[in-house]
Amino acid sequence: MSGRLHGKRCLITAAGAGIGRESALACAREGARVLATDIDAQALASLSAESGSIETRVLDVTRAADIDAFVSTQDAFDVLFNCAGYVHQGSILDCDPEAWRRSFAINVDAMYSLCRAVLPGMLAQRRGSIINMSSVASSIKGVPNRFAYSTTKAAVIGLSKAIAADFVTQGVRCNAICPGTIKTPSLSMRVAALGGDQEAVWKSFIDRQPMGRLGEPREIAALVVYLASDESSFTTGQTHIIDGGWSN
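All values reported here derive from a predicted model rather than from experimental measurement. (Residues numbered from 1 in each chain as written. Predicted model: local features only at pLDDT ≥ 70, side-chain atom pairs only at ≥ 80, totals over all residues. Heavy atoms only, no water.)

**Looking at the pattern of salt bridges**
Operational definition: Salt bridges, as used here, are contacts in which a Lys or Arg side-chain nitrogen is within 4 Å of a carboxyl oxygen on Asp or Glu. Here a strand is any run of E in DSSP of at least two residues, a helix any run of H or I of at least four, and the numbering for each starts at the N terminus. Only protein chains enter the calculation, and the probe is 1.4 Å; a residue is then buried if its accessible area is under 20% of its type maximum, exposed if over 50%, and partly exposed in between.
Summed over the entire model, instances satisfying the criterion amount to 8 salt bridges. Across the pair E30 and R4 runs a salt bridge, and its minimum N-O distance is 3.6 Å. You can see E30 sitting in the loop between helix 1 (18–29) and strand 2 (33–38) and its partner R4 sitting in the segment before strand 1 (9–12), a full 26 residues away along the chain. Its relative accessible area of 36% is what places R4 among the partly exposed residues. Notably, a salt bridge pairs D207 with K203, separated by 2.7 Å at the nearest N-O pair. Residue D207 and its partner K203 are located together in helix 7 (residues 198–207), separated by 4 residues, close to a single helical turn. The structure contains a network of salt bridges with shared partners spanning R4, E30 and E231.

**What about the state of the cysteines?**
The test is simple: Here, the term disulfide refers to a pair of cysteine sulfur atoms separated by no more than 2.5 Å.
Following the criterion strictly, the structure yields 0 disulfides and no others. C115 takes part in no disulfide bond, and the closest cysteine sulfur to it belongs to C174, at a distance of 5.6 Å. What makes C115 buried here is its relative accessible area of 2%. The buried category is assigned to C174, whose relative accessible area is 0%.

**Notes on unusual backbone geometry**
Its identity is not glycine, yet A14 carries a phi of approximately 50°, on the positive side. Within the secondary structure layout, A14 lies in the loop between strand 1 and helix 1. We note that N145 has phi near 60°; this positive angle belongs to a residue other than glycine. Take N145: it is sitting in the loop between strand 5 (128–133) and helix 5 (147–167). With a relative accessible area of 41%, N145 lands in the partly exposed category.

Below you can see the structure in the form of structure tokens.
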């Protein structure tokens with residue numbers, strides 16, 4: 001299969017749904033050999049059924065030992081897309097130590113473990129693109145009731161810039177994607193968890209968007225493909241804002 005990612009080997013986390021799933025499918029369509037991971041085996045089976053060219057593996061990205069064991073059995077990857085994430089709702093006063101630790105474990109520590117495991121293979125072949133999922137709710141924009149989430153996503157930006165600076169001369173690039181509000185299954189579950197008038201909750205999300213709509217997972221996936229491809233070969237250490245003008 002030809003395409004912008006022909007011959008590239010991509011590792012994608014949280015590929016069972018939402019942005020991760022759309023990115024796995026988009027990368028496969030562009031000719032990549034995709035290894036998609038998630039904690040949801042049923043979602044991965046559905047992904048495999050949709051695209052027979054995608055290999056899947058159940059992986060809990062909060063377990064560093066499992067990541068190391070998994071990567072040790074694999075050939076080098078050309079692309080790593082760290083998509084797994086967790087959104088805690090509330091201010092600092094609503095964020096107890098357990099929620100704080102969980103936010104960092106999923107949103108930051110997992111990226112640290114995956115980047116550290118995958119980088120040696122990329123350095124050995126002197127090529128690689130690491131794409132980390134951050135958010136506009138980070139150091140870019142303060143968002144009410146997203147204290148722990150915004151803190152971790154600001155850390156992701158710092159992590160990405162540091163990796164980019166350390167390995168810029170060795171063929172490895174690292175960039176962060178910073179979406180605004182995207183209509184994903186995860187968002188739907190969070191809206192449902194809020195209770196009350198669901199239509200009003202959805203309207204509140206849409207009303208704060210300058211474009212008058214939420215983003216779609218496929219729109220983020222298109223940016224993932226670009227950053228994974230050689231078309232972005234002069235791009236590293238950047239925060240790619242894709243939020244429909246929300247942060248303007």
